[in-house]
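Read off the chains here:
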Amino acid sequence: MTTTPDSVRPVRRPVSEEASRRANRADWDAYADEYQRTHGDFLGDVGFVWGPEGHREAELQALGDPGRLAGRGVLELGSGAGQCSRWLVAQGATAVGLDLSERQLQHSRRIDEGTGIAVPSVCATATDLPFAPDSFDIVFSSFGALQFVADADLMVAAVARVLRPGGTFAFSITHPIRWSMPDDPGPEGLKIASCYWDRTPYVEEDEDGTPRYVEHHRTLGDWVALLSDAGFCLRALLEPQWPEGHERVWGGWGPLRGRLVPGTAIFVAGLPGTVT
Ligand SMILES: C[S@@+](CC[C@H](N)C(=O)[O-])C[C@H]1O[C@@H](n2cnc3c(N)ncnc32)[C@H](O)[C@@H]1O
């Protein structure tokens, strides 16, 4: 989210899919330059990082053996500047990025030109994927669209539609336990401030009540149910530990709290069937 101006206040209240999308598109368009300036080096132009803890796909292998990615068709949701997909392309996969923010995708094209590794991308929302059924072997997201979407059931069903039988859906999100704690990497962030089971969205709204930024909270059990209802089997739920010696602070993520409670949850799910 952009730095919150004084005229914008954080509240918890219901908000529709359309209002979430409108707010988040404008927010990410406005924030994209600062996001890439602040985090670009950490992410790496051709680098697959799963979250602020800095765990890389080469280490976690949530998408399977990196040696077997060549030839796989991949879709990234909330792809931003496409760093993760670019790494997959470097492993021989064919990747497409999808993001709500045109400005984020402009950064993706800038890095494509600089690295010579291109990630084709489309400006769209994760709830309405503009692809034919059975188009991909893997759909993934690294802190991309999932927690910005109100209609998560539509999104997960859309992913199931575009995946081939046996395909993999993997995504990282803020660990749901963090929702009950203040968004603060310091001592203030070490307390329980709200109810874990309160799904009321987090909204930054301006003086006339217009949402400017929205996040949707779901519990771990909610995500398992969403995946199961769309026909997925949960293969793994990764809760990567804060790495020894990692001191980088990113928003509410930092070493103090990171050493005590997980900050990132990575779900790895699969459709029945066999990838050919
Ligand atoms: C935290 S950034 C992560 C970007 C990238 N995965 C990375 O690791 O840098 C979240 C991204 O999700 C995108 N996003 C938010 N809501 C979305 C939606 N409904 N559909 C697609 N992308 C969305 C934002 O525009 C933003 O680029």
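Our subject is the structure listed above.
Computed from a prediction, not measured in an experiment: that's the story for all the values here. (Residues numbered from 1 in each chain as written. Predicted model: local features only at pLDDT ≥ 70, side-chain atom pairs only at ≥ 80, totals over all residues.)

Enquirer: Describe the overall build of the protein chain, with residues and values.
Expert: Counting its secondary structure elements, the protein chain contains seven helices and ten strands. Compactness check: the protein chain gives a C-alpha radius of gyration of 18 Å against a globular reference of 19 Å for 276 residues, within 12% of the reference. Referenced to the eigenvectors of the C-alpha coordinate spread, the extents of the protein chain come out at roughly 50 × 40 × 40 Å. The long-range share in the protein chain, meaning contacts at least 24 apart out of those at least 6 apart in sequence, stands at 74%. (Helix = DSSP H or I, 4+ residues; strand = E, 2+ residues; numbered from the N terminus. Rg over C-alpha atoms; globule rule 2.2 N^0.38 Å. Contact = placed C-beta atoms within 7 Å.)

Enquirer: Hey, could you go over the nonpolar core for me, with residue numbers and the actual values?
Expert: For soluble globular proteins, the rule of thumb is that nonpolar side chains tend to be buried together. Among the nonpolar cores identified, the biggest contains 57 residues, and V74, L88, V139, F169, A170 and F267 are the most heavily contacted of them. Leaving out residues up to four positions away in the same chain, V139 has contacts with L75, L77, V159, V162, L163 and F169. (Core = buried A, V, L, I, M, F, W, Y, C linked by C-beta atoms within 7 Å. Buried ≥ 20, exposed ≤ 12 C-beta atoms within 10 Å, placed from the backbone.)

Enquirer: I'd like to hear about unusual backbone geometry, residue by residue, with values.
Expert: Positive phi is not limited to glycine here, since Q61 has a value of about 55°. Residue placement: Q61 occurs in the loop between helix 2 (57-60) and strand 2 (73-77). Unusually for a residue other than glycine, D134 sits at a positive phi of about 60°.

Enquirer: Report on the sheet that holds strand 7 (residues 202-205), specifying residues and quantitative values.
Expert: Overall, antiparallel pairing links the three strands, which are arranged 1-7-8 in an open sheet. Unpaired on one side and paired on the other, strand 1 (9-12) and strand 8 (211-215) mark the two borders of the sheet. Within this sheet the neighbouring strands show an average axis-to-axis angle of 25°, counted without direction. (Pairing = 2+ DSSP bridges. Axes fitted to C-alpha atoms, helices over the stretch in contact; angles between N-to-C directions.)

Enquirer: For the packing of helix 1 (residues 17-43) against helix 4 (residues 102-115), give the residues involved together with the corresponding values.
Expert: It is the contact of helix 1 with helix 4, at a shortest axis distance of 7 Å, that shows an interaxial angle of 35°. On helix 4, the residues that touch W28, D29, A32 and Q36 of helix 1 are E102, R103, Q104 and H107. Residues belonging to the contact of helix 1 with helix 4 are distributed by class as follows: two nonpolar, three polar and three charged. (Nonpolar A, V, L, I, M, F, W, Y, C, P; charged D, E, K, R; others polar.)

Enquirer: Hey, could you go over the pairing of strand 2 for me, with residue numbers and the actual values?
Expert: Summarising burial for strand 2: four of the five residues are buried, a large majority. Where strand 2 lies against strand 3 (residues 94-99), five bridges are found, and the strand directions are parallel. Across the sheet, G73 pairs through a bridge with T94, a residue of strand 3. Crossover connection from strand 2 via helix 3 (residues 83-90) to parallel strand 3: handedness right-handed. Here three bridges tie strand 2 to strand 5 (residues 136-142), and the two strands are oriented parallel to one another. Residue V74 lies in a different strand from strand 5, and its bridge partner there is I138. (Right-handed = clockwise from strand over helix to strand, strands pointing away.)

Enquirer: Describe the environment of D29, naming the residues involved and giving the relevant values.
Expert: Position of D29 relative to the elements: it lies in helix 1. With 16 C-beta atoms counted inside 10 Å, the residue D29 sits in the partly exposed group. Those residues within four positions of D29 in sequence are excluded, and the remaining contacts are S101, E102 and R103.

Enquirer: Just give me the short version of the pairing of strand 3, but keep the residues and values in it.
Expert: As judged from the three bridges shared by strand 3 and strand 4 (residues 121-123), these two strands associate in the parallel manner. Residue pairing in the sheet places G97 in a bridge with S121 of strand 4. Once the chain exits strand 3 it traverses helix 4 before rejoining the sheet at strand 4, and the crossover so formed is right-handed.

So yeah, pure geometry; function would need other evidence.
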